[in-house]
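Each chain, letter by letter, is given below.
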Amino acid sequence: MSPFVKRYLLALDRYKWPSLATLLGVLGISAVVAMQPPPPPQYRAEGVLVQNAPVVALTATGTEVQLRGQGIISEQFLLADVLLQQVSQELERRGMPMAPETIRDRTTVRLEGVEGEEPQVQRVTVVFRGASEEQTQLTLSLMFEAMVELSRVTNRARLRAIVTALDERLPAVETDLRAAEQALEAYDRTEGPAIQAALDGSLLGAISGGQQQQRQNQIALAGLEAQIQSLQQRLGLSPGQAFTASALSADPIIAQLRSQILETETQLQLLSPTLRESHPTIQELSQNLTAYNALLRERAQEVVGGQDLAALPSVSDVRQNSTLDPARAALANQLVTLSAERAALVSQQQALSQADGQLRQQYSSLPNKQLERDRLAQQVALNQALYDQIQAKRIDAQAAEAETVSSLSVAEPPTVAAQVESPTNPIAVLVVGGLLGVVAAGAVAFLLDLLDSTARTAEDIQGILTDQDVPVLGLVPSLNATSAQGWPMLYPPQSPDLEIYERLRSSLRRAGSLSEAGVAPRVVLVVSSRAGEGKTTSAFNLGIAAARAGRRTLVIEADLRQPSCGHRLGVKPGPEAVAEPLHYYAGRQQEPIQLAPWVENLYLSPSPGPQPHPAAILESSEMTQFLADARARFDLVLIDAPPLGRSNDALLLGSASDGLLLVTRPGITDKAVLEALLEQLLENDDLPVLGAIVNAADRAAAPTAAPGYSAPAAAPLIRSIDF
């Protein structure tokens, strides 16, 4: 039998009640379906709508709306909520109520394309199914009327939407047109004369005239410069000095003051040789001379206005510059006049140059001004064109309102046909339901088995062990109970199942020889992932097989969290061992190793459990010394350790053992727990995994004894052994 079939049968056996419930449920549903009465006859109404081809119209908008109305025909459009609501209200008014959703569910719309001479025209086939002939005929007829009307209303609404949109757009376009016209008008007012001057040539004439005037002024300036230089050479005066000298010479007060100063100086000069400076006359003349000089300087300042006084630092300079004769005064006046003319020409030349620059700049900017005006004029033209187009479109849309029609028309009126369905065969329904129930029941069992992570077959466990490179030392089938308590212990030497554990012992010995040490294991740690996997039974039977083979074998019960199972071999600890476990393993109160009374060469160290702190006992020096003595005194020591899924007590004994033997059992071992446990053990290099045992499920049997052997009713308690 293949592993898959085996696992499937186990799943069916394990989940028989859910599978049976599924089978009965499917059969019940099939029975209900088979007992249903035959359905009443149904009526099917079918009709055809076609799209109207574009008609000859006087307006472009009407044709456009008609074409767009043909393009929106779809199932969603033909079965719109508003259409179904109108049909439902009309049916209710005529005494045939039907909900809009019911109408939609019973209606089928099929769109088809038909090729012809005209552009592609769409053909719409509508099918409606009802319970009565009259209702079916009336419903589809009403739907046809509503579909045609909906298309017409949609086209008219689209046309009104176009007119509304144009009306909303027109004021903004008109505003833009008026703004563009105003901008062009304002630009023409400011820049129009310049552009016109450039166009008729007056601007170029002004530039040429200004240049001609500048050339004439330059010639006149050259002549004036020559005359001024000639007069300056003849007079020895600059134009400013000439102006000052001419003004001072022409003033009569200055002339009078000059004569008085000259007269006073003459008197001083005549009287100085005969009179001392302190003489009153000399003093009076000196005071008069000082007063005359001060008056002369003040008058000179009044005449020249203080402009050239810096050039006349003293009275002598004033007197010298005010003594021009008439001829030199005429030359000085001429020099001043020519200087004034030159200054006027220079100012005029500067004004002409500035005007020329402005005219040239204006002339150079004329292309940009012309382009700007063209741009404004183009903007006005574009806005005007848009305004005219909207006005024309609006007038066209208003005129097209009278031409708007529906995009659909009825090509084939609805026709009704009855549809009678053949009754269902109840036997066929029950047979199909039974088959489906069997399949569903099997699927339920299989799915529940997939959700269960427990390994159900030995093949599942072997696959996990093989993936982790853990050798399988033996497959142990179910054993019959051989004691009054129903334990599968291999007490009799002629037991046929003893050969299985003998092969297991040999495999364990070879697995140890193939390890890195190359020596057969002497102390073996027997563990499992969880309770109920047959760990203790396997350790006891393996110890029995080793003892039958002549090996001095010791089985140590190291699960201090559970009571001892040594009574299976006729051995049990004393009450003082449970009270003082450390003294027990130290041998102070009771010998911890006892001979099994029913099997030769087999010794047992029963567990003093349950203990509140088992980890402390396993890590104690007494336990360490006890295990060391056991290694020295026995050929094979089997340590029945606690399950690894419950605690880490077994790992505390790893340093005292030569390897680990893992016991598994289909139906008990969890695949996820086993995989995690193997990964943890394989990462621990100090505790090698020698192999694994796969126990088959035990079958409880009636307590029977092996042929020719009877177990004693009570086993004696051996408290000491003499080695």
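How each quantity is defined
Residues numbered from 1 in each chain as written. Predicted model: local features only at pLDDT ≥ 70, side-chain atom pairs only at ≥ 80, totals over all residues. Heavy atoms only, no water. Helix = DSSP H or I, 4+ residues; strand = E, 2+ residues; numbered from the N terminus. Buried < 20%, exposed > 50% of the residue type's maximum accessible area, 1.4 Å probe, protein only. Contact = heavy atoms within 4.5 Å. Areas by Shrake-Rupley, 256 points an atom, 1.4 Å probe, with all protein chains shown as cover. Core = buried A, V, L, I, M, F, W, Y, C linked by side-chain atoms within 4.5 Å. Polar contact = N/O pair within 3.5 Å; in protein donor to acceptor, adjacent residues only side chain to side chain. 1 Å grid on protein atoms, 1.4 Å probe; cavity = no way out; pocket = protein on both sides within 12 Å on 5 of 7 lines; lining within 4 Å. Points joined across faces, edges and corners; volume = space filled by probe spheres on them. Expected span 1.5 Å × (residues − 1). Arc of directions from axis to C-beta. pLDDT = per-residue confidence, 0-100. Axes fitted to C-alpha atoms, helices over the stretch in contact; angles between N-to-C directions. Parallel < 35°, antiparallel > 145°, perpendicular 65-115°, else oblique. Left-handed = near helix turned anticlockwise from the far one by under 90°. Nonpolar A, V, L, I, M, F, W, Y, C, P; charged D, E, K, R; others polar. Salt bridge = Lys/Arg side-chain N within 4 Å of Asp/Glu carboxyl O. Phe/Tyr/Trp six-rings, centres within 6.5 Å; stacked < 30°, edge-to-face > 60°. Lys NZ or Arg CZ within 6 Å of the ring centre and 35° of its normal. Pairing = 2+ DSSP bridges.

**What about the overall build of the chain?**
So, point 1. When its secondary structure is counted, the chain shows 24 helices and twelve strands.
So, point 2. Of all 723 residues assigned to the chain, the portion counted as buried reaches 39%.
So, point 3. Long-range contacts, defined as pairs at least 24 residues apart, comprise 81% of the intrachain contacts of the chain with a sequence gap of at least 6.
So, point 4. Summed over all atoms, the accessible surface of the chain reaches about 38,100 Å², with 55% contributed by carbon and sulfur.

**A short note on the nonpolar core**
So, point 1. Counting 41 residues, the largest nonpolar core has Leu525, Ile639 and Leu662 as the members making the most contacts within it.
So, point 2. Here leucine 662 is in contact with Leu465, Val527, Ser528, Ser529, Leu674, Leu677, Leu678, Gly691, Ala692 and Ile693, once residues within four sequence places are set aside.
So, point 3. Of all hydrophobic cores here, the second largest spans 36 residues; its members include Tyr501, Ala545, Val599 and Leu638.

**What to know about the side chain of serine 657**
So, point 1. Checked against the element boundaries, serine 657 lands in the loop between helix H23 (649–652) and strand E11 (659–664).
So, point 2. In this structure the side chain of serine 657 is engaged in a polar contact, spanning 3.0 Å, whose partner is the backbone oxygen of glycine 654.
So, point 3. Leave out the neighbours within four places in its chain, and serine 657 touches Val523, Leu525, Arg631 and Leu687.

**Focus on empty space enclosed by the protein**
So, point 1. Scanning the entire structure with this criterion turns up two cavities of 30 Å³ or more.
So, point 2. Its boundaries defined by the atoms lining it, the largest cavity holds a volume of some 90 Å³.
So, point 3. Taken together, Arg505, Leu508, Arg509, Ala520, Pro521, Ala546, Arg551, Asp635 and Leu636 form the lining of the largest cavity.
So, point 4. If you tally residues by element for the lining of the largest cavity, the top one is helix H17 (residues 498–513), at three residues.

**Re helix H2 (residues 16–34)**
So, point 1. With 19 residues, H2 extends 26 Å from end C-alpha to end C-alpha; this agrees with the ideal 27 Å at 1.5 Å per step.
So, point 2. What H2 keeps buried is the set Ser19, Val26, Ser30 and Ala34. Projected onto a plane normal to the axis of H2, the buried residues spread over an arc of 80° and lie on a single side. For H2, the exposed residues set more than 90 degrees away from the buried face come down to Trp17, Leu24 and Ile29.

**Quick look at the confidence of the model for the chain**
So, point 1. Summarising the model, the chain shows a mean pLDDT of 80, and 82% of its residues fall at 70 or more.
So, point 2. Predicted confidence for residues 697–723 stays below pLDDT 50, and this span has 48 contacts to residues more than four positions away or in other chains.

**What about the packing of helix H10 (residues 252–271) against helix H11 (residues 280–304)?**
So, point 1. Across the interface, H10 lies against H11 with an axial gap of 9 Å and an inter-helix angle of 155°. Relative to H11, the element H10 lies roughly antiparallel. Handedness of the crossing formed by H10 with H11: left-handed.
So, point 2. Along the lines of polarity and charge, the residues of the contact of H10 with H11 split into 14 nonpolar, seven polar and three charged.

**Describing the pattern of salt bridges**
Side-chain pairing between opposite charges can occur once the charged atoms of the two side chains come close.
So, point 1. Counted under the stated rule, the structure contains 18 salt bridges.
So, point 2. Close ionic contact of arginine 123 with glutamate 112 constitutes a salt bridge, the shortest N to O distance being 3.8 Å. Of the two residues, arginine 123 is situated in strand E3 (residues 121–130) and glutamate 112 in strand E2 (residues 107–114); the sequence distance between them amounts to eleven residues.
So, point 3. For arginine 123, a relative accessible area of 24% puts it in the partly exposed group.
So, point 4. A salt bridge links glutamate 185 to arginine 189; the shortest N-O distance between them is 3.3 Å. Of the two residues, glutamate 185 and arginine 189 are both situated in helix H7 (residues 133–200); the distance of four residues between them amounts to about one turn of the helix.
So, point 5. You can call glutamate 185 partly exposed: its relative accessible area is 48%.
So, point 6. Residues joined in a network through salt bridges with shared partners are Arg110, Glu112, Arg123 and Glu412.

**Describing H10**
So, point 1. Taking 1.5 Å of rise per residue, 20 residues should cover 28 Å, and H10 covers 29 Å from first to last C-alpha, within 8% of that figure.
So, point 2. Every buried residue of H10 is accounted for by Ile254, Leu257, Ile261, Thr264 and Leu268. For H10, the angular spread of buried residues about the axis comes to 90°, placing them on one side. Exposed residues on H10 whose side chains face more than 90 degrees from its buried face are Pro252, Gln269 and Leu270.

**A few points about the packing of aromatic side chains**
So, point 1. According to the stated counting rule, one finds three aromatic pairs in the structure shown.
So, point 2. Arranged with centres 5.1 Å apart and planes meeting at 65°, the rings of tyrosine 584 and tyrosine 585 form a pair that is edge-to-face.
So, point 3. Take tyrosine 584: its relative accessible area is 1%, and that puts it in the buried class.
So, point 4. Aromatic side chains tyrosine 603 and phenylalanine 634 sit 5.3 Å apart centroid to centroid with 65° between the ring planes, which places their arrangement in the edge-to-face category. Of this pair, tyrosine 603 sits in strand E9 (residues 602–605) while phenylalanine 634 sits in the loop between helix H22 (621–633) and strand E10 (636–640), and the two are 31 residues apart along the sequence. In this pair, the class of tyrosine 603 matches that of phenylalanine 634, namely buried.
So, point 5. The ring of phenylalanine 634 carries arginine 552 above its face, with NZ or CZ at 5.5 Å from the centroid.

**Let's talk about the environment of glutamine 135**
So, point 1. With respect to the element layout, glutamine 135 can be found in helix H7.
So, point 2. For glutamine 135, a relative accessible area of 12% corresponds to the buried category.
So, point 3. For the pair glutamine 135 and tyrosine 43, spaced 92 residues apart in sequence, the C-alpha to C-alpha distance is 9.2 Å.

**A look at the sheet that holds strand E7 (residues 553–557)**
So, point 1. On the basis of which strands lie adjacent, the open sheet formed by eight strands has the order E5-E12-E11-E6-E10-E7-E9-E8 and mixed pairing. One side of each edge strand has no neighbouring strand; the edge strands of this open sheet are strand E5 (472–476) and strand E8 (594–595).
So, point 2. Examined bridge by bridge, E5 and strand E12 (residues 689–695) share four bridges and lie parallel to one another. Its bridge partner being in E12, valine 472 is matched across the sheet by alanine 692.
So, point 3. Sitting on the sheet, helix H16 (residues 458–467) touches E5, E11 and E12, and the angle it makes with E12 is about 170°.

**Structural notes on the environment of glutamine 348**
So, point 1. Checked against the element boundaries, glutamine 348 lands in helix H13 (residues 326–364).
So, point 2. Through-space distance from the C-alpha of glutamine 348 to that of glutamine 213 is 9.4 Å; in sequence the pair is 135 residues apart.
So, point 3. Aside from chain neighbours lying at most four places away, what touches glutamine 348 is Gln213 and Asn217.

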